[in-house]
Amino acid sequence: MRFSLVALLPVVISLSSFVVAHQDHTLEAREIADGLNARAIENAYFDNLERRELLSEFTTRELLDELVERAPPKKLKNAGGGGGYTCIYCGTVFDTAAALGIPAS
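Residues numbered from 1 in each chain as written. Predicted model: local features only at pLDDT ≥ 70, side-chain atom pairs only at ≥ 80, totals over all residues. Heavy atoms only, no water.

**Student:** What's the story with the overall build of the protein chain in this structure? I'm lost.
**Tutor:** Scanning the protein chain for helices and strands turns up 3 helices and 3 strands. A fraction of 11% describes how many contacts in the protein chain between residues 6 or more apart in sequence connect residues 24 or more apart. Surface exposure of the protein chain reaches about 9,600 Å², of which carbon and sulfur atoms provide 62%. (Helix = DSSP H or I, 4+ residues; strand = E, 2+ residues; numbered from the N terminus. Contact = heavy atoms within 4.5 Å. Areas by Shrake-Rupley, 256 points an atom, 1.4 Å probe, with all protein chains shown as cover.)

So, in structure tokens, the structure goes:
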């Protein structure tokens, strides 16, 4: 059986285009994903390191004072409708909320 080169050429071209069209790109995608994950981990590490270095400049007292200052005021229970306010932590009754050291909104 004889095959001519001209008859075999379209078959070879179609098979080669089929192989190129169905290439497995999963390994390339994994390499890109691994690179992104490593980069994200590295960025997170250095962001945390910078944050730690910035926070190390402050004392614990300064940090707590700033957090207390920025925290929203706590809701106080009115003591029996008599105009007093009861501290939710210690139970002490005060005449006004300002007496607890909480500024009026």
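**Student:** Mind showing me how you'd approach the confidence of the model for the protein chain here?
**Tutor:** One rule of thumb: low pLDDT means the predicted coordinates there are not for detailed reading. In this model, the protein chain carries a mean pLDDT of 75, and residues with pLDDT of at least 70 account for 70%. Here strand β1 (residues 77-79) is the element of the protein chain with the lowest mean pLDDT, 51, and helix α3 (residues 60-70) is the one with the highest, 87. (pLDDT = per-residue confidence, 0-100.)

**Student:** For this particular structure, what's the right way to read the pattern of salt bridges?
**Tutor:** As a working rule, side chains carrying opposite charge can pair if their charged atoms are close by. Within this structure, the stated rule accounts for 2 salt bridges. The residue Arg61 makes a salt bridge to Asp65 at a minimum N-O spacing of 3.8 Å. Here Asp65 and Arg61 lie together in helix α3, a separation of 4 residues that amounts to about one turn. Overall, Arg61 belongs to the exposed group, its relative accessible area being 56%. Given a relative accessible area of 41%, Asp65 falls into the partly exposed group. When the shortest N-O distance is used, the salt bridge between Glu66 and Arg70 registers 2.8 Å. Residue Glu66 and its partner Arg70 are both found in helix α3; the two are separated by 4 residues, about one turn of the helix. (Salt bridge = Lys/Arg side-chain N within 4 Å of Asp/Glu carboxyl O. Buried < 20%, exposed > 50% of the residue type's maximum accessible area, 1.4 Å probe, protein only.)

**Student:** Would you mind going over a nonpolar patch on the surface with me for this structure?
**Tutor:** A surface patch of nonpolar side chains, amounting to about 340 Å² of accessible area, comprises Leu8, Val11, Val12 and Leu15. Relative to the assigned elements, Leu8 resides in helix α1 (residues 5-21). On the accessibility criterion, Leu8 (41% relative accessible area) is partly exposed. (Patch = residues over 30% accessible without salt bridge, like charges linked within 9 Å, V, L, I, M, F, W, Y side chains within 5 Å.)

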